[in-house]
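# Close look at the chain arrangement
Take a look at the letters that make up each chain.
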There are 2 protein chains.
Amino acid sequence: MVDDAPKRIEIQDRILKENEELAEENKNLYRGHDIKGVFNLIGSPGAGKTSLLESIIPRLEKAGIIEGDIATARDAERVHALSVPVLQINTMGACHLDANMLAQVLPDFPLPEVNYLFIENVGNLVCPTGYDLGEDHKVVVLSLPEGEDKAAKYPAIFRASTLCVLNKLDLEPHCGVDVELLEEDIRDVNPDLDICRVSCESGQGIDELVEKLKQLSRR
Amino acid sequence: MVDDAPKRIEIQDRILKENEELAEENKNLYRGHDIKGVFNLIGSPGAGKTSLLESIIPRLEKAGIIEGDIATARDAERVHALSVPVLQINTMGACHLDANMLAQVLPDFPLPEVNYLFIENVGNLVCPTGYDLGEDHKVVVLSLPEGEDKAAKYPAIFRASTLCVLNKLDLEPHCGVDVELLEEDIRDVNPDLDICRVSCESGQGIDELVEKLKQLSRR
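Here goes a summary of the coordinates provided. (Residues numbered from 1 in each chain as written. Chains lettered and ligands numbered in written order. Predicted model: local features only at pLDDT ≥ 70, side-chain atom pairs only at ≥ 80, totals over all residues.)

## Some thoughts on the relation of the copies chain A and chain B
Copy one and copy two of the chain differ by a rotation about an axis and a translation along that axis. This is how the line gets drawn: Each copy is superposed on the other by least squares, with the fit set by C-alpha atoms of residues at a pLDDT of at least 70 in both. Residues are defined as contacting one another if the C-beta atoms placed from their backbone atoms lie within 7 Å.
At an RMSD of 0.0 Å, chain A and chain B line up after a rotation of 180° and a shift of 0.0 Å along the axis. As the rotation angle and translation indicate, the two copies are arranged about a two-fold axis. Here 100% of the interface residues in chain A have copies in chain B that are interface residues too; the copies meet face to matching face.

This is the structure we're talking about:
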């Protein structure tokens, strides 16, 4: 067995450095078009990222969506019904979006038409964390049935995010998860993380979440 | 920007080739100790992999567990209560187990004492798929609240697995997911995949799952 470790680390460092440079270019592009807020939604498969977009987009003036998916356009098809600009990135198997994927598609996106841009990352609580897309805020989406211990077990994304959306609150009486314990677990990892409790099913907390997203955006 | 793509692909290919060689060595080690079945459990964070182990281990004669976690020993602590051999691999941030991580710890594991070895991978429906650990079977664990479309959106693991455990069936009346549609989605991706519907909460389907795991093991 040949030990490639040093070469691997060197390549990995260069990949991340390149990503940072491209993220900076993306950020300049967003700012140049005076977009008020760019949000990178990160969560496990099935945490409810697409449902969340369906709930909040109609309550925001001039929003747009970039959908990241490994293999299908299903989420993009769902959010197309919202009649806002939508663009889909198929990662062809890759486990996260990176700044280069964004840089490739941004010229085709009607940036001047949007105030708020939502980027739905690939369903994965681990890998997307390290790849800045030039967003203003990472938003971690966690659904109640995933359990009380996710922040402790996947701390990086809870540290990197500005906001945590605690989704599927309607399942609280059924899934045996203690919301107070769960939030305590999150605060142990990141005491400064804002937490919004919502249910896309019942609509609970959606208004407050929309208000929070506006607060996080530039005026 | 320097384009490292060819070098990256070369390194990636070598990593996977090395992994395959080490997986083969691990497999020889399992077989040398006459282990009947080695199962690699893969699923999203919160799909219920640890709860599943808590349900099935007491019903199998001489089982053992290797726990893969990014940051904590919480799962290992939970399954220690089962009084079977348990070993924990902390991946230090890595998004999947690989054959080398297993090769490093297997000498410390009492392989002669187990008939069935369960490896709980890092919670991630994407990255663990490509890394063979020398297991006999990959088992994909999907929980009902994750939604109907996960096989279409994350097809690789559904193609690579021998068995799909459909977990948290007790939430069916509450989470608005149609189990028939979900199974159809799975069969579209892999018509040969065995599916066991279970609830660790109610115990539904656990006996049948244990029976299936025994069938998949060498006699």
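There is more to say after this.
## A few points about the sheet that holds strand E5 (residues 137–143) of chain A
What links the strands of a sheet is backbone hydrogen bonding, and the strands pair in either a parallel or an antiparallel sense. All names here are of chain A. For clarity, the cut-off: At least two bridges found by DSSP between two strands are what make those strands a pair. The helix count covers DSSP runs of H or I at least four residues long, the strand count covers runs of E at least two residues long, and both are numbered beginning at the N terminus. Axis lines are fitted through C-alpha atoms, for helices just across the contact stretch, and the angle between N-to-C directions can take any value from 0 to 180 degrees.
One open sheet accounts for seven strands, arranged E3-E2-E4-E1-E5-E6-E7; its pairing is parallel. In the strand order of this sheet, the two ends are held by strand E3 (86–90) and strand E7 (194–197), each with one partner. Direction aside, neighbouring strands of the sheet carry axes that sit 20° apart on average. As paired strands, E5 and strand E6 (residues 163–167) are joined by five bridges and run parallel to one another.

## Quick notes on unusual backbone geometry
Stated precisely, the cut-off is as follows: The burial label depends on the number of other C-beta atoms within 10 Å of a residue's C-beta. Counts of 20 or more mean buried, 12 or fewer mean exposed, and intermediate counts mean partly exposed, with C-beta atoms placed from the backbone.
The backbone of Lys 62 of chain A sits at a positive phi, close to 60°, despite the residue not being glycine. Structurally, Lys 62 of chain A can be placed in the loop between helix H2 (49–56) and strand E2 (63–69). Under the C-beta neighbour-count criterion, Lys 62 of chain A is labelled partly exposed, with 14 such atoms within 10 Å. Even without glycine at this site, Ser 83 of chain B takes up a positive phi of about 55°. If you trace the backbone, Ser 83 of chain B turns up in the loop between helix H3 (74–80) and strand E3 (86–90). Judged by the 9 C-beta atoms lying within 10 Å of it, Ser 83 of chain B falls in the exposed class.

## Quick look at the sheet that holds strand E7 (residues 194–197) of chain B
Residues and elements named next belong to chain B. The strand order across the open sheet built from seven strands is E3-E2-E4-E1-E5-E6-E7, with neighbouring strands paired in parallel fashion. Single-partner strands in this sheet number two, and they are E3 and E7. On average, adjacent strands in this sheet sit at an angle of 20° to one another, irrespective of strand direction. Relative to E3, strand E2 (residues 63–69) runs parallel, the two being bridged by five bridges. From the neighbouring strand, Glu 67 faces E3, where its bridge partner is Gln 88.

## Concerning the pairing of strand E6 (residues 163–167) of chain B
Residues and elements named next belong to chain B. Summarising burial for E6: five of the five residues are buried, a large majority. Neither face of E6 is open: one carries Leu 163, Val 165 and Asn 167, the other Cys 164 and Leu 166, and all of them are buried. Bridge count between E6 and E7: four bridges; the pairing is parallel. What sits directly across from Cys 164, in E7, is Ile 195.

## Some thoughts on the environment of Ile 195 of chain B
Residue and element names in this part refer to chain B. Inspection of the secondary structure assignment puts Ile 195 in strand E7. Overall, the presence of 17 C-beta atoms within 10 Å leaves Ile 195 in the partly exposed class. For the pair formed by Ile 195 and Ala 94, sequence separation is 101 residues and the distance between their alpha carbons is 29 Å. Each residue touching Ile 195, except ones within four places of it in the same chain, is listed here: Cys 164, Leu 166, Glu 183 and Ile 186.

## A short note on the interface of chain A and chain B
Short version of the rule: For this scheme, ten residues count as nonpolar: Ala, Val, Leu, Ile, Met, Phe, Trp, Tyr, Cys and Pro. Four count as charged, namely Asp, Glu, Lys and Arg, and the remainder, Gly too, count as polar.
Chain A puts 39 residues into the contact, and the matching count from chain B is 40 residues. Those elements giving two or more residues to the side of chain A that touches chain B turn out to be helix H1 (5–32), helix H5 (150–153), helix H6 (155–160) and helix H7 (172–175) of chain A. A total of five residues in the side of chain A that touches chain B trace back to one element, the largest contributor, which is H1 of chain A. Classifying every residue of the side of chain A that touches chain B by side-chain character gives 16 nonpolar, ten polar and 13 charged.

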